[in-house]
Amino acid sequence: MNRRQNQKKVIREKNEEELMPKTKRREEDKNSKVQTEKISDLKLKRLSTLQYPIMAVRVAGIFDENLRNSIKSCKILIVGAGGIGCELLKNLVLTGFEDIELIDLDTIDVSNLNRQFLFQKQHVGRSKSEVARESALRFNPQAKIVSYHDSITKPTYGVPFYQKFTLVMNALDNRAARNHVNRMCLAADVPLVESGTAGYLGQVTVIKKGITECYECQPKPAQKTFPGCTIRNTPSEPIHCIVWAKHLFNQLFGEADPDEDVSPDAADPEQVGDAGQSAMEVEANDKGNVNRVSTRGWAESQNYDPKKLFGKLFGDDIQYLLSMDKLWEKRRKPTPLQWDKIPDSDVILDGEGLIQDQRPWTVSQCRDVFANAVENLHKRKKSQPEGEDLVWDKDDKDSMDFVTACANVRAHIFGIPEKTRFDVKSMAGNIIPAIATTNAIIAGLIVLESMKILQGRLDECKTVYLNRRPNPRKRLLVPCVLDKPNKKCYVCSEKPEVCVRLNVEKTTVKTLEERILKVALNMVAPDVEISDGKGTILISSEEGETEGNNDKFLKDFGIMDGTRLNCDDFLQNYTLTINIVQSEKLEEGAEFEVIGNPDELKKAQEEQAKKNAEDAAKTAGDAAGASTTVMDEENDLVCLDDDEPKKRRADDEGTQPVKKMKIDPTDDVVVL
């Protein structure tokens, strides 16, 4: 027994001697490739209690020393902490970036958890930027990350704020914020890496003042809108009913816009089904008008009784529409519904095995959901501070229940296919389902393009498109040469100028400020002076200074065809000259039209004249046999299947200009 034990001992010692040199070599190789960060015992003890593994390691040997130093010393601003933002922040801290600031206004919702991996269930309801910071620090505790739970468009974040950064990276999901950051980076002369995704599609581009196109150099298609009369009176598609329901939410609970009110007012809304007959019977007031009661005012007087609201919206209001005989000469008439007379035959058997939101609802279910949502929204509205309204949010249960129920009941009334709650949420929020892998690929490309900038290789930067499938040249990622600035861009050119076609007799100063300057032209705090030699101030960003002008028409200030307005936004450090083009005939439902420059205006006028001539030449027979092709105005993302770009349907997450791109023939792959 002793002999055997001695033999085993000798063999074990011999094996250890043989293995020792190999172990040392492996350890030396490991130390030469991986430089482990020194973490204090206090930090180690604190981090050991966290759920995430400690990943405070920096890989050496991949980047040269100059690039490593640039990465470590540069200061980065990330705008947006959503799908792309989470992946981007994770990539940056693991690459070695240590000085990062992150801003996002949003809070975490359950629906974010399937693709925004820095968030977990316990984080729901908290600030995205704050939680993203906490999670990223677990990857590299030595990083300095500052988070802001705020809107990037606030005056706090002016040009000096941007000037302290080496690079700005956009990870946004809306066009207005993108436009604002674009202008701020131009004003601060800071490089911007822009990005966007839409389903399986994505793209990344670099913007540098005076060297590349800015985000607004190429005009983007206007987002799809629907004529108000279609929404209010003659819906024919599910989206019409969904838009109607969203407008109704604001009319009853949110910030009301008279132009978007969908439920008609009357002297007594409960009797509106008589096509205003009750209003005719009411005595006029001192001014000769009938004292009307707004639908919201009436709803408040009825304590938002769900049964009475249902009767008005889906019974009396529909009777009112039926009284307009000419509307239904060539259309299917709607069928009014009453609370107690929901058809018993309305039973839907499918939906087994589906998640709750994907199961279709019966009309009676819609009625019950409507009642519950109205009661909850009413309670919440009463708890709001005086003067404050509710805000519709696709991620808010009561808001979505209200819109889904109302949209489906209205669809039933008009004989339109109904939609599940899942579908309504996608359509109401203009959502294209987000793909986690797309976000990850785009975030990686952002870092690659950023490294080129840090190395001073701006001339090698590309616009890179991610396609749904490889093109004929077997490329999934297609790099394209960056274009030069558009000399006629109304944002980044030397003398920005734009034409606005409108009717000066019907356009108010308020419309000019809110709809044209702030919405269409993306200004934040505009000041406007009429170029009349007198220095007349039309709009001032100083509160209360020009409020008296709001309801006056432009013609009241002598504005006419050819008048020039000098506009200035002090926050964006942006000036713009607007040329007014008087027009009494605009497209149906349009209040104005923004045209990039006078040359485009002339071209548009010529095209319109040509179109009018062609329309006049058509015969009735030609018109009857003609087919119509409608272009989807929401196409805003380029997908390259070959050497020529083609449009691909996308939402506002991929807002890059639709244009012909120059593909770099030498780039078969994207490399650093």
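Residues numbered from 1 in each chain as written. Predicted model: local features only at pLDDT ≥ 70, side-chain atom pairs only at ≥ 80, totals over all residues. Heavy atoms only, no water.

Trainee: Help me out: how do you make sense of the pairing of strand E12 (residues 526-530) in this one?
Mentor: For a regular strand, the rule is simple: side chains alternate between the two faces of the sheet. Burial along E12 is one-sided: the residues Pro526, Val528 and Ile530 are buried and none of Asp527 and Glu529 is. For E12 and strand E14 (residues 564-569), the ladder comprises 5 bridges, and the chain directions are antiparallel. Following the sheet pairing, Asp527 is matched in E14 by Asp568. Judged from the 3 bridges that link them, E12 and strand E13 (residues 536-539) form a sheet pairing that is antiparallel. Following the sheet pairing, Val528 is matched in E13 by Ile539. Taken together, E12 and the strand that follows it, E13, pair antiparallel across an intervening segment of 5 residues, in which Gly533 is found at a positive phi of about 85 degrees. (Buried < 20%, exposed > 50% of the residue type's maximum accessible area, 1.4 Å probe, protein only. Helix = DSSP H or I, 4+ residues; strand = E, 2+ residues; numbered from the N terminus. Pairing = 2+ DSSP bridges.)

Trainee: Where do I start with the pattern of salt bridges in this structure?
Mentor: Oppositely charged side chains may form a pair once their charged atoms are brought near each other. Throughout the structure, instances matching the rule amount to 30 salt bridges. A salt bridge links Asp395 to Lys425, with the shortest nitrogen-to-oxygen separation between them at 3.3 Å. Here Asp395, found in the loop between helix H13 (363-383) and helix H14 (397-413), pairs with Lys425, found in helix H15 (residues 421-428); they are 30 residues apart in sequence, far enough to count as distant. By relative accessible area, Lys425 is classed as buried at 19%. For the salt bridge of Glu514 with Lys518, the shortest nitrogen-to-oxygen distance reads 3.6 Å. You can see Glu514 and its partner Lys518 sitting in helix H17 (residues 509-520), 4 residues apart, about one turn around the helix. Residue Lys518 is classed as partly exposed on the basis of its relative accessible area, which comes to 28%. A single salt-bridge network, built from bridges that share partners, covers Lys75, Asp99, Glu101 and Lys164. (Salt bridge = Lys/Arg side-chain N within 4 Å of Asp/Glu carboxyl O.)

Trainee: I tried to follow the sheet that holds E12 on my own but got confused; where do I start?
Mentor: Sheet strands line up and pair through hydrogen bonds in the backbone, either parallel or antiparallel. Spatial ordering of the open sheet is given by E13-E12-E14-E15-E11-E16, a layout of 6 strands whose pairing is mixed. The open sheet is flanked by E13 and strand E16 (592-595), the only strands paired with a single partner. Taken over all neighbouring pairs, the strand axes of this sheet differ in orientation by 30 degrees on average, direction set aside. Each of strand E11 (497-502), E12, E13, E14, strand E15 (574-582) and E16 touches H17; the most contacted strand, E13, lies at about 70 degrees to it. (Axes fitted to C-alpha atoms, helices over the stretch in contact; angles between N-to-C directions. Contact = heavy atoms within 4.5 Å.)

Trainee: I tried to follow the environment of Asn179 on my own but got confused; where do I start?
Mentor: Relative to the elements of secondary structure, Asn179 occurs in helix H7 (residues 175-188). Using a relative accessible area of 5% as the deciding quantity, one classes Asn179 as buried. C-alpha of Asn179 to C-alpha of Tyr215: the two residues are 36 residues apart in sequence and 6.8 Å apart in space. Look past the residues within four positions of Asn179 in its chain and what remains in contact with it is Tyr215, Glu216 and Asn522.

Trainee: Explain H7 here, please?
Mentor: Since the α-helix packs 3.6 residues into each turn, any two residues three or four apart lie on the same face. With 14 residues, H7 extends 20 Å between its outermost C-alpha atoms, agreeing within 8% with the 20 Å of an ideal straight helix rising 1.5 Å per residue. When you tally the buried positions in H7, you get 12 out of 14 residues, the bulk of the element. Taken together, the buried positions of H7 are occupied by Arg175, Ala177, Arg178, Asn179, His180, Val181, Asn182, Arg183, Met184, Cys185, Leu186 and Ala188. For H7, the secondary structure elements touched by its buried residues are strand E3 (75-79), helix H6 (159-163), strand E6 (167-170), strand E7 (192-198), strand E8 (201-207) and E15. For H7, the capping residue at the N-terminal end is Asn174, with a side-chain oxygen 3.4 Å from the backbone nitrogen of Ala176. (Expected span 1.5 Å × (residues − 1). Polar contact = N/O pair within 3.5 Å; in protein donor to acceptor, adjacent residues only side chain to side chain.)

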